[in-house]
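# Report on the structure
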Amino acid sequence: MVPLFFTDVELMPLRGSPIFRDRNKLSPYYIPERLPHRDQQMELLYSIYGNMIRNIGNVYPRFTQIIGGTGTGKTCTTLKFGEKITEHAKNEGVNLQHVYVNCKVDGATRFVLFGNLVKKVTPKISTRSLSPEEMIRQLVDCLRAEKRFLIITFDEIDYFIQTNPKEHVIYDFTRIPEMHPGEPSPVIGEIFIARSLKWHEMLEPSEKSTLGMGIMEFPRYTGRQVMNILEERATEAFNQDAVADEALGLISDITANPPVNGDLRVGLELLYYAGCLAENMGAERVLPDHIRKVYSETNPAVTSEDIMNLDEAGKLVLLALVRSLQAKKSAYVGLRDARLSYEVLCEECGVKPIDEFEERMQDLIRRGIVEMKSLTEFGVSGASLVDLEKFLNNLIQQLR
Ligand code: ADP
Ligand code: MG
C-alpha cells in the first residue's frame, strides 16, 4: 500500500526528521533483535536443531514444518533462528550455514529453484547444464568435501507446490539426506513454511510420510501482542514521543481485527506511511488522524512486499489490470480488457508481450493480489472495499 502523498516525501529537506529516527527500521526486510511473542517458537526450533551441533558428525536430519497466516512472523522468526544457530555453531567450531530459499521469489520451476539453492551455498558448481537431481548430488558432495553443514528453509512451499503440482520437490528435498545412506548427512535440517496444511493435499502419500509430524504453529497476533510488537519497533524507528499512544492503539486494533486479522505487515506499513504523512504535514507527532487517512487510501490485501516480489512480467500484467480497472471505473473487468491494456502497455514500454498472459493472471490470483469473482470478472484483492481510484493510483505509483 502506497498512499499518494508518498512521492512528496522525497521533497523533504535532508536535515534530521522531527518524526523518524530511522525509517529503515520499519522496512519489511529489517528484522529486529528481539521478536516478542515468538520466544516459544524460537525455543522449539532451538531444541530441535541446537543439540545437533555438539554431535554434528553423527546426526540424522530433521524436517520441521511451520504453519501460520500471513504476517504471523514465520519468515522473520526462522531467519532470526538461522542467524542464532549459525553463530552458536561457529562458537563450537562447526561450519553451519542456514540457507533461506523463498519459493515465491527464487523458484518458478524445480530447475530454477534448485539452481538458486545451489548458488546460495557455493559458487563452485555450475548448474546450467545439470539436471535438478545432479545439482543436489553435487551440492551434497561439495558439502561433504568441505566439511560444511546446512539447515535449509523453504519458505512459501505451499505456493510452489500449488504452482507446480507435478514436480515432486518434496520427494527430492526429503531425499537429500539419504544420498549416502547410513552416513550422517551434511544437511542436518529442512524447514518448510506454509500458510496452512492445505498443500499436503497435493503431495504423494510417501512424500507426506517422509515429511513427518514435526509441525509448529504460529498463531495470529492478538491486539495486545500487536501493540507490544509495534511499541518496540516504534522505539527503534521514531524519535521519542513522536508517535501518540492512541495512534499505536488504533493501528493495533485495525491490525488485529478483520479484514487484516493479525497480519503484522499491514500494521508496520500503516505505521510507516502514517509517519511519512505526519512528517509531510509538518506535524510533531503521529496522531490517530494520520492513521485513519492512510488506512482509508490503502488496501490491506496488497502490501509493498507483495509487489516487490513480482518479476517484470508480473508487474506489467498487474499494472495492465489496474489500468483497465481505472478506465472502466469499475471494481472488476474481463480478461479480454485486461489483455488489451497489457498489449498497449508492453508497446509503451518497448517490451515483448508474453504468451502466458492467462497463466500470469492465475499466478497473481495464487499470490492473493488479484481476485477472480467469476470467469469474466477480475479485480485487485480488496480494491472494492476502498476508494478505488485513489487506491489504484497508489498502486500504479508503486508498480513504476
Ligand atoms: P510471515 O512470514 O508469517 O508472513 P513475517 O515474518 O514476514 O510474517 O512478518 C511480517 C512483518 O512483521 C515483518 O516485517 C517482521 O519483521 C514483522 N514481525 C513479525 N513478527 C514480529 C515480532 N514478533 N516482532 C517484531 N516484528 C515482527
Ligand atoms: Mg513469510
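Residues numbered from 1 in each chain as written. Chains lettered and ligands numbered in written order. Predicted model: local features only at pLDDT ≥ 70, side-chain atom pairs only at ≥ 80, totals over all residues.

### Let's talk about the overall build of the chain
Each helix and strand counted, the chain has 17 helices and seven strands in total. The C-alpha radius of gyration computed for the chain amounts to 23 Å, which stays within 12% of the reference 21 Å derived for 400 residues, consistent with globular compactness. The buried share of the chain, taken over its 400 residues, is 39%. Sequence-distant contacts, at least 24 apart, represent 75% of the contacts inside the chain between residues at least 6 apart. (Helix = DSSP H or I, 4+ residues; strand = E, 2+ residues; numbered from the N terminus. Rg over C-alpha atoms; globule rule 2.2 N^0.38 Å. Buried ≥ 20, exposed ≤ 12 C-beta atoms within 10 Å, placed from the backbone. Contact = placed C-beta atoms within 7 Å.)

### Regarding the domain arrangement of the chain
For the chain, the assigned domains are domain 1 (4-28 + 221-296), domain 2 (39-218) and domain 3 (312-399). Its C-alpha centre places domain 2 at a distance of 34 Å from the equivalent point of domain 3. (Domains from an automatic or database assignment.)

### Quick look at the nonpolar core
The nonpolar side chains of a soluble globular protein tend to be buried, and buried together. Formed by 39 residues in total, the largest nonpolar core has its most connected members in Cys103, Leu113, Ile151, Phe154, Ile157, Phe160 and Ile193. Excluding its chain neighbours within four sequence positions, the residues that come into contact with Ile151 are Tyr49, Gly82, Ile85, Leu96, His98, Ile188, Gly189 and Ile191. The next biggest cluster of nonpolar side chains, apart from the first, holds 33 residues, and it includes Ala247, Ile251, Val260 and Tyr295. (Core = buried A, V, L, I, M, F, W, Y, C linked by C-beta atoms within 7 Å.)

### What about the sheet that holds strand β1 (residues 62-68)?
If you walk across this open sheet you meet the five strands as β2-β3-β4-β1-β5, and the pairing is parallel. On the outer flanks of this sheet lie β2 (96-102) and β5 (215-218), each paired with one strand and no other. Ignoring strand direction, the axes of neighbouring strands in this sheet form an average angle of 20 degrees. Here β1 pairs with β5 via four bridges, running parallel. The partner of Gln65 across the bridge, within β5, is Ile215. (Pairing = 2+ DSSP bridges. Axes fitted to C-alpha atoms, helices over the stretch in contact; angles between N-to-C directions.)

### Considering the pairing of strand β4 (residues 187-194)
Burial analysis of β4 places seven of its eight residues in the buried class, the great majority of the element. Pairing geometry for β1 and β4, over six bridges, is parallel. Directly across from Arg62, in β4, lies its bridge partner Gly189. The pairing of strand β3 (residues 149-155) with β4 spans five bridges and is parallel. From the neighbouring strand, Leu150 faces β4, where its bridge partner is Val187.

### Topic: helix α11 (residues 264-280)
End to end, α11 covers 24 Å across 17 residues, agreeing with the expected 24 Å (1.5 Å per residue, within 8%). For α11, a buried count of 16 out of 17 residues is recorded, marking the element as mostly surrounded by other parts of the structure. Note on α11: the residue one or two positions beyond its end, Gly282, has a positive phi of about 75 degrees. (Expected span 1.5 Å × (residues − 1).)

### Concerning the confidence of the model for the chain
It should be kept in mind that the predicted coordinates are not to be read in detail where pLDDT is low. Chain-level statistics for the chain give a pLDDT mean of 89 and a share of 94% at 70 or above. When the criterion is pLDDT under 50, residues 4-13 qualifies, and its contacts beyond four places in sequence or with other chains add up to 14 contacts. (pLDDT = per-residue confidence, 0-100.)

### Some words on the pairing of strand β7 (residues 377-380)
On any regular strand, side chains alternate: one points to one face of the sheet, the next to the other face. Burial of β7 is one-sided: the residues Phe378 and Val380 facing one way are buried, the residues Glu377 and Gly379 facing the other way are not. Looking at chain direction, strand β6 (residues 370-374) and β7 are connected through four bridges and run antiparallel. What sits directly across from Ser374, in β7, is Glu377. Between the antiparallel neighbours β6 and β7 lie two residues.

### Here we look at the environment of Lys293
Tracing the chain through its elements places Lys293 in helix α12 (residues 288-296). Sequence separation of Lys293 and Pro36 is 257 residues, and the distance between their C-alpha atoms is 28 Å.

### Examining the site of ligand 1
Taken together, 20 residues lie near ligand 1, and Gly73, Lys74, Thr75, Cys76 and Leu264 sit nearest. Those elements that place two or more of their residues in the shell around ligand 1 are α2 (74-91), α9 (223-237) and α11. (Near = placed C-beta within 6 Å.)

### Some words on unusual backbone geometry
With an omega of 0 degrees, the peptide bond between Pro258 and Pro259 qualifies as cis. As for its placement among the helices and strands, Pro259 is situated in the loop between α10 (245-256) and α11. The phi dihedral of Lys329 falls on the positive side, at around 50 degrees, and the residue is not glycine. Summarising the element assignment, Lys329 is placed in the loop between α14 (312-328) and α15 (335-349).

### With respect to the environment of Thr163
Within the secondary structure, Thr163 is located in helix α6 (residues 157-163). Exposure remark for Thr163: the 18 C-beta atoms within 10 Å place this residue in the partly exposed category. For the pair Thr163 and Phe391, spaced 228 residues apart in sequence, the C-alpha to C-alpha distance is 28 Å. Those residues within four positions of Thr163 in sequence are excluded, and the remaining contacts are Asp363 and Arg366.

### Remarks on the packing of α10 against α11
It is the contact of α10 with α11, at a shortest axis distance of 9 Å, that shows an interaxial angle of 145 degrees. With respect to the hand of their crossing, α10 and α11 are arranged in right-handed fashion. Here Ala247, Ile251, Ser252, Ile254 and Thr255 of α10 lie close against α11, whose contacting residues are Leu264, Val266, Gly267, Leu270, Leu271 and Ala274. Residue composition of the contact of α10 with α11, by class: eight nonpolar, three polar and no charged. (Left-handed = near helix turned anticlockwise from the far one by under 90°. Nonpolar A, V, L, I, M, F, W, Y, C, P; charged D, E, K, R; others polar.)

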